[in-house]
Amino acid sequence: MTQEFTPEDRTKAANNILEDLMAEKEKSGLQCQAIFNIMEDVNIAREELRNKYQDFEILQGLTQTLGFSFDVRAIMSSISDAIRKLSFEITISYVLVPLYQESSPVIVIDTDEQIGDEYIESIYNSICLTLKTKPNIEKNSEMLRYFMPGSVGDKLPFEFSRGSKNPDVRACPQFQTNIPLVVPGALSGLINISSQNPNCISPERMHVVHMLVQNAAQTIERMRVLVSSEQSRLQDLLSNMTDGVLLFEENGHIVVTNPCFKTMIESGFEHHSVQTIIDVLENNQDEEIGYKRVKLTQIIQGIFQKAESIRIDLFCFKQRVYEVNIVPVKNNQRGVSGTALIFHDITDRRRVDNLKDQFLNTVSHELRTPLAIIKGAA
């Protein structure tokens, strides 16, 4: 006997089938959403992995670069390049405590853009604020004396390693952060990161930046220890020399002098430029018969151009006579990076030579007369 379905039964069965299909569709939708979520998580993880690999490559490359570098500017340039790989919209500015006591720091700006006075002033003020308020920076740090009120000289000069200054640009940074280069016992310098984009760098990337800066601080500290040791050795050697020595770099800052040179010049020149000292040497030459004044400035300029040593046989300065050797100091690329002036005092030797000449002239004159008489008598 065949069961007959009423229209109500058919409608109910159809509704049940429809509900089952809707449930299956919803289940499939949830499964698809789960798959999409998994794919999104995979893409995020892939991006994070790619970023971490890139960060690792940057750190590895920087470590290799810093391991073979002995130039502070080259180190900071490498750090700047590494940071800029993490974000292309940033400007890097850095200032360092100089390796040599005689030199002054300078703020170096590395950017792909043109920035104006307001932008530069904002960077300077941000650096000052960080140095004055950071609790973990020693207040007797060498860095502070260049930024605190009443510090020596005017504001630190700015120079560009990339980019340029344009007074017509009025934009100011919308993002700034300062990272001190702290080493045990002192502050080596500070790096400022700025941008007109407030979201230029993520917090995760800032962690990598801090690692890069710490690597730089450690490398610079090793250089300071090495430079201090070598300077101490060099100073001990020069202190025992009887010749006056003046060594300076191409940019004009004095690397080293010795007590003999300071005694010779008789002038407190610790904060003077090399050109001021050269002017003192040129303008205080003695006027002697037959003596031609030496133009040291021109000679030194020629040293940097030709990279050849020059010896001045006669240099009369403040009643003393010197033999001067001017020697180019070459860097690893065999270019001239500095000049050394060595003053050998020949005053006593010259006096002995004059006495010898006088003696020979006197003896020759005294012997000439008796010989003439004897010859005439013969």
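All figures in this text were calculated on a predicted structure; none of them were measured in a lab.

**Q** Help me understand the sheet that holds strand β6 (residues 244-249) in this model?
**A** Within a sheet, neighbouring strands are paired by backbone hydrogen bonds and run either parallel or antiparallel to one another. Taken in spatial order, the five strands make up an open sheet running β7-β6-β10-β9-β8, and their pairing is antiparallel. Each of the sheet's edge strands pairs with one partner strand only, and the pair in question is β7 (254-257) and β8 (310-317). Averaged over all adjacent pairs, the angle separating strand axes in this sheet is 20 degrees, with direction ignored. Sheet contacts for helix α6 (residues 274-283): β6, β7, β8 and β10 (336-345); angle to β8, the most-contacted strand, approximately 65 degrees. Helix α7 (residues 296-306) rests against β6, β8, β9 (320-330) and β10 of the sheet, and its axis sits at about 135 degrees to β10.

**Q** Looking at this structure, how should I read the pairing of strand β2 (residues 107-115)?
**A** In summary, the side chains of a regular strand alternate between the two faces of the sheet. Note: strand β1 (residues 91-96) against β2, three bridges, orientation antiparallel. Pairing of serine 93 across the sheet is with isoleucine 109, part of β2. The sheet contact formed by β2 and strand β3 (residues 158-165) spans six bridges and is parallel. From the neighbouring strand, isoleucine 115 faces β3, where its bridge partner is lysine 165.

**Q** Please explain unusual backbone geometry as it appears in this structure.
**A** Leaving glycine out, the prevailing phi sign among residues is negative, and the prevailing peptide bond configuration is trans. If you check the backbone angles, lysine 318 has positive phi at about 50 degrees while not being a glycine. Topologically, lysine 318 is positioned in the loop between β8 and β9.

**Q** Any chance you could explain the nonpolar core here in plain terms?
**A** It is characteristic of soluble globular proteins that their nonpolar side chains tend to be buried jointly. Counting 29 residues, the largest nonpolar core has Met76, Ile83, Ile92, Leu181, Ile191, Ile193 and Val209 as the members making the most contacts within it. Of all elements in the fold, only α2 (72-86), β1, β4 (175-183), β5 (186-195) and α4 (203-239) reach the threshold of two or more residues within this core. A total of nine residues in this core trace back to one element, the largest contributor, which is α4. Counting 27 residues, the second largest nonpolar core, distinct from the first, contains Ile265, Ile278, Tyr291 and Ile346.

**Q** Is there a simple way to think about the pattern of salt bridges in this case?
**A** Charged atoms that come close allow side chains of opposite charge to pair. Enumeration over the complete set of coordinates arrives at eight salt bridges. Its salt-bridge partner being glutamate 323, residue arginine 349 comes within 4.0 Å of it at the nearest N-O pair. Of this pair, arginine 349 sits in helix α8 (residues 347-377) while glutamate 323 sits in strand β9, and the two are 26 residues apart along the sequence. According to the relative accessible area criterion, glutamate 323 is buried, its value standing at 15%. Where salt bridges share partners, they join Asp81, Asp110 and Arg162 into one cluster.

Thresholds applied
Counting restarts for each chain, with residues numbered from 1 along the sequence as it is written. Confidence filtering applies because this is a predicted model: local features only for residues at pLDDT of at least 70, side-chain atom pairs given and counted only at 80 or more, and all residues used for totals across whole chains, interfaces and linings. Computation of side-chain values: all heavy atoms of the structure, hydrogens and water removed. Note: two strands are recorded as paired if DSSP finds a minimum of 2 bridges between them. Labels follow the DSSP assignment, with helices taken as runs of H or I lasting at least four residues and strands as runs of E lasting at least two, numbered in each case from the N terminus. To get an axis, fit a line to the C-alpha atoms, keeping to the stretch in contact for a helix; angles then go from 0 to 180 degrees between the N-to-C directions. It only takes one pair of heavy atoms within 4.5 Å for two residues to be counted as in contact. In this text, buried Ala, Val, Leu, Ile, Met, Phe, Trp, Tyr and Cys residues form a nonpolar core when linked through side-chain atoms within 4.5 Å. Residue burial is assigned from relative accessible area. The probe radius is 1.4 Å, only protein chains are included, and a residue is buried under 20% of its type maximum, exposed over 50%, and partly exposed in between. We count a salt bridge whenever a side-chain nitrogen from Lys or Arg sits within 4 Å of a carboxyl oxygen from Asp or Glu.

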